[in-house]
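# Structural overview
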Amino acid sequence: RNLQMKKLLQYIGKTLFFLLLLCSLCVLTLLASAKEPMKGILAGLTRSTDYGAGYNQGASEIIPTIEKVQKEDAYTKLLIGYSVCFRLFSELQDLNTQYLIAGTNRGVTMSGQYILVEEFLKHHPQATDVYLSVIEDSLITDYETGYGYQYGVMPFAETDTLKLLDPETRKQMAHVYGGLFIKERIVWLIEDSPLNKKLYYNLLDKLNPTYSKLTFPDVTIRYLVKMKTLCEENGVQFHLLAEPLKDIEQRHKIEKTLRAEYEKTELADCFPDYFDQITYYPEERFSDNVHPVGTREELNEMIRAMQRKSGCMQDLVLE
């Protein structure tokens, strides 16, 4: 019996040692995958190359915008929004010396927009106005497993601005993405490794798939109010602007649903005219269901309609 017990203990010991060795090897592989030359080698061996070149590069897209709003310069007005905002306004930056135009991606969520506003006000004490230009889809964007991590966690963790969000928000992010994975060192480890990106993104999508719904999530309501309050505390006007929509039945149905949901929230009191600002345009004026296309003058026409309906940005130079 003693001999059998001894053999059993030896077997358990060898098994544990093997598992420990295997775990150590895995950890070393994950660490090595973020450093050259193993970074490229492991990406090729694991078919992860696409994750390091042009696939979900949220941090590299958003960090320049964070740095832009942090730069101390003469701008007095901030114009932010998502990809539709970028499409409509970005080409006008050189014409406008008062407006800092900083369109991003809906994945940053309203909490990401709040960070941009706070950083702009911190570095521009002369600021007078902040304009948030968004379509309905942007207002219903929650923390998602599609693009939320790449755009809403990575760039802000890497610039140490995630700390500007309140504890409840960081708790919500941890619930979706995992508490360990919103820490700066781990974020960098994933960002710098195509292999780690592939493993984490796919695992996240399988274990905790999270997508936005036709309602206004807590992150939208809370941070729209926070942006408005922050601006008021700094003597700055905050404006919520509605962007043009494609004139199809689906978009009208979405508006009807969201307008009813909107009235149930405090947003209806803070921004009562948001839905009344919406202007619809023919299908051919859009490349998909949300992004407008056309000549610069055709896009300016849309902006002029936004100016008329909102009464805002009258001094924005269009030509």
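Here the structure is shown first, and the text comes after it.
A brief look at the structure comes next. Since this is a predicted model, take the numbers as computed values, not measurements. (Residues numbered from 1 in each chain as written. Predicted model: local features only at pLDDT ≥ 70, side-chain atom pairs only at ≥ 80, totals over all residues. Heavy atoms only, no water.)

## So, the overall build of the chain
The helix and strand tally for the chain stands at 14 helices and six strands. In terms of overall dimensions, the chain has C-alpha extents of about 90 × 40 × 40 Å along its principal axes. The buried share of the chain, reckoned over its 319 residues, is 49%. At a minimum sequence separation of 6, the contacts of the chain that also span at least 24 residues come to 78%. When the accessible area of the chain is evaluated, it comes to approximately 16,200 Å², of which 57% is carbon and sulfur surface. (Helix = DSSP H or I, 4+ residues; strand = E, 2+ residues; numbered from the N terminus. Buried < 20%, exposed > 50% of the residue type's maximum accessible area, 1.4 Å probe, protein only. Contact = heavy atoms within 4.5 Å. Areas by Shrake-Rupley, 256 points an atom, 1.4 Å probe, with all protein chains shown as cover.)

## Things to note about the packing of aromatic side chains
Within this structure, the stated rule accounts for 14 aromatic pairs. Ring centres of Y147 and Y151 lie 6.1 Å apart, and the angle between their planes is 55 degrees; on these two criteria the pair is classed as tilted. Through a chain of ring-to-ring contacts, the aromatic side chains of Y143, Y149, Y177, F181, Y200 and Y201 assemble into a single cluster. (Phe/Tyr/Trp six-rings, centres within 6.5 Å; stacked < 30°, edge-to-face > 60°.)

## Here's the deal with the pattern of salt bridges
Across all of its chains, the model carries 19 salt bridges by this definition. In this structure, E119 engages K122 in a salt bridge whose closest nitrogen and oxygen atoms are separated by 2.7 Å. Of this pair, E119 and K122 are both found in helix α5 (residues 109–123), three residues apart, which corresponds to roughly one turn of the helix. With its nearest N and O atoms 3.7 Å apart, the salt bridge here joins E319 to R304. Taken together, the positions of E319 in the segment after α14 (296–310) and R304 in helix α14 put the pair 15 residues apart, joining distant regions of the chain. Relative accessible area serves as the criterion here: at 70%, E319 is assigned to the exposed category. If you follow the salt bridges from partner to partner, you end up with D166, D218, R222 and K226 in one network. (Salt bridge = Lys/Arg side-chain N within 4 Å of Asp/Glu carboxyl O.)

## Topic: the packing of helix α9 (residues 184–191) against helix α10 (residues 194–207)
Relative orientation of the contacting elements α9 and α10 amounts to 110 degrees, with a least axis distance of 6 Å. Classified by the interaxial angle, the pair formed by α9 and α10 is roughly perpendicular. For the pair α9 and α10, the contacting residues are L189, I190 and E191 in the first and N196, K197 and Y200 in the second. For the contact of α9 with α10, the residue count by class is three nonpolar, one polar and two charged. (Axes fitted to C-alpha atoms, helices over the stretch in contact; angles between N-to-C directions. Parallel < 35°, antiparallel > 145°, perpendicular 65-115°, else oblique. Nonpolar A, V, L, I, M, F, W, Y, C, P; charged D, E, K, R; others polar.)

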